[in-house]
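Summary of structural features
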Amino acid sequence: NAGVTQTPKFRVLKTGQSMTLLCAQDMNHEYMYWYRQDPGMGLRLIHYSVGEGTTAKGEVPDGYNVSRLKKQNFLLGLESAAPSQTSVYFCASRGQFLGELFFGEGSRLTVL
Amino acid sequence: ELKVEQNPLFLSMQEGKNYTIYCNYSTTSDRLYWYRQDPGKSLESLFVLLSNGAVKQEGRLMASLDTKARLSTLHITAAVHDLSATYFCAVVASGTYKYIFGTGTRLKVLA
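Described below are features of the structure shown in this document. Owing to the predicted nature of the structure, the values given are computational and were not obtained by experimental measurement. (Residues numbered from 1 in each chain as written. Chains lettered and ligands numbered in written order. Predicted model: local features only at pLDDT ≥ 70, side-chain atom pairs only at ≥ 80, totals over all residues. Heavy atoms only, no water.)

**A closer look at the interface of chain B and chain A**
Often, the extent of an interface is quoted as the loss of accessible area upon association of its parts. We apply this condition: Residues count as neighbours in contact if any of their non-hydrogen atoms are within 4.5 Å of one another. Here the quantity called buried area is the total loss of accessible area, with a 1.4 Å probe, experienced by two parts when brought into contact, counted for both. A carboxyl oxygen of Asp or Glu within 4 Å of a side-chain nitrogen of Lys or Arg is what we treat as a salt bridge. For this analysis, a polar contact is any N or O atom pair within 3.5 Å, provided that within protein one partner can donate a hydrogen and the other can accept it, and provided that sequence-adjacent residues contribute only side-chain to side-chain pairs. Working definition: helices are DSSP H or I runs of at least four residues, strands are E runs of at least two. Numbering for both runs from the N terminus. Classes in brief: Ala, Val, Leu, Ile, Met, Phe, Trp, Tyr, Cys and Pro nonpolar; Asp, Glu, Lys and Arg charged; the others, Gly included, polar.
Each side of the interface is counted separately: chain B has 18 residues, and chain A has 22 residues. Between chain B and chain A, a total of about 1,700 Å² is buried, with carbon and sulfur atoms accounting for 59% of that surface. When the area that chain B buries against chain A is broken down by residue, the three leading residues are Tyr97(B), Tyr99(B) and Phe101(B), summing to 34%. Taken together, the connections running from chain B to chain A amount to 0 salt bridges. Taken together, the connections running from chain B to chain A amount to 9 residue pairs in polar contact (both at pLDDT 80 or more). Looking at the side of chain B that touches chain A, the elements that each hand over two or more residues are β4 (29–37), β5 (43–49) and β10 (99–101) of chain B. Among the elements that make up the side of chain B that touches chain A, the one with the highest residue count is β4(B) (4 residues). A breakdown of the residues in the side of chain B that touches chain A according to their chemical character gives 10 nonpolar, 5 polar and 3 charged.

Put into structure tokens, the structure is as follows:
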């Protein structure tokens, strides 16, 4: 079972460039999440979605946009990358019965 | 706004010893989760605590939840090297679907 898949796994950007991270889940989950992980700061919620066509802001949404056009996919976009967005990004989907999050393997983004 | 604090942030312990990691949160919640992360890896679900007084155990780890005190504990019994990892708690504020994580506790078990 694939579970939650993130692409790409690694990416290097220059300041001002744009990019999109793709998260795909095959568990038919309604809720999906994007987090960033930085040393000493745990995971911080960027945006989340409670269903197809819906998105909502998390703790640190500035500089990011998201879209949930299909239930299985949740896209995270950076319109104009900044060095402060250098981080490891994790996508997760929420299990239907116990509500635990299932995480992808992460995407390491470096902005120069 | 929900805040989640873990302590200690770092823990170095000898094999065979016991210790407890604490997770405090600031607003009402009735569900709390514990995760484990190995270096360079993703997060793996350990425990799901869905009600006041809930206690779950798996091997040398035991988690509990006190919603009145807004406190969860992760107790390690007779630590072994394989438990070395970073442990996170995550809390869902009542009435929302936001999962807010603590800063994590980096555990190192010395052989």
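**A short note on unusual backbone geometry**
The test is simple: With a 1.4 Å probe rolled over the protein chains alone, any residue whose accessible area is under 20% of its type maximum counts as buried; one over 50% counts as exposed, and the rest are partly exposed.
That bond from Thr7(A) to Pro8(A) is cis: its omega, -5 degrees, falls within 30 degrees of zero. You can see Pro8(A) is positioned in the loop between β1 (4–7) and β2 (10–13). Non-glycine residue Asn28(A) carries a positive phi angle of around 60 degrees. Along the chain, Asn28(A) falls in the loop between β3 (19–25) and β4 (32–37). Take Asn28(A): its relative accessible area is 47%, and that puts it in the partly exposed class. Unlike most non-glycine residues, Arg70(B) shows phi in positive territory, near 55 degrees. Relative to the helices and strands, Arg70(B) resides in the loop between β7 (61–66) and β8 (71–76). When its relative accessible area of 31% is taken as the criterion, Arg70(B) is described as partly exposed.

**Looking at the environment of Leu11(B)**
Residue and element names in this part refer to chain B. Tracing the backbone through its elements, the reader meets Leu11 in strand β2 (residues 10–14). In this structure Leu11 comes out as buried when scored by relative accessible area, which is 8%. In sequence terms Leu11 and Val109 are 98 residues apart; their C-alpha atoms lie 8.3 Å from each other. If near-sequence neighbours (up to four positions away) are discounted, Leu11 is found in contact with Tyr19, Ile21, Thr105, Arg106, Leu107 and Lys108.

**A few points about the sheet that holds β8(B)**
Residue and element names in this part refer to chain B. Definition in use: In this analysis, strands are considered paired if DSSP registers two or more bridges between them. Note on definitions: angles span 0 to 180 degrees between N-to-C directions of axes, and those axes are lines fitted to C-alpha atoms, for helices only across the stretch in contact.
Strand order in the open sheet formed by 5 strands is β1-β3-β8-β7-β6, and the pairing between neighbours is antiparallel. Two strands close off the open sheet at either side, each with one partner strand: β1 (4–7) and β6 (55–58). With strand direction ignored, the average angle separating the axes of adjacent strands in the sheet is 15 degrees. Pairing of β6 with β7, which is carried by 4 bridges, proceeds in the antiparallel orientation. Looking across to β7, one finds that Gln57 is bridged to Met62.

The values reported here are purely geometric and, on their own, carry no functional implication.
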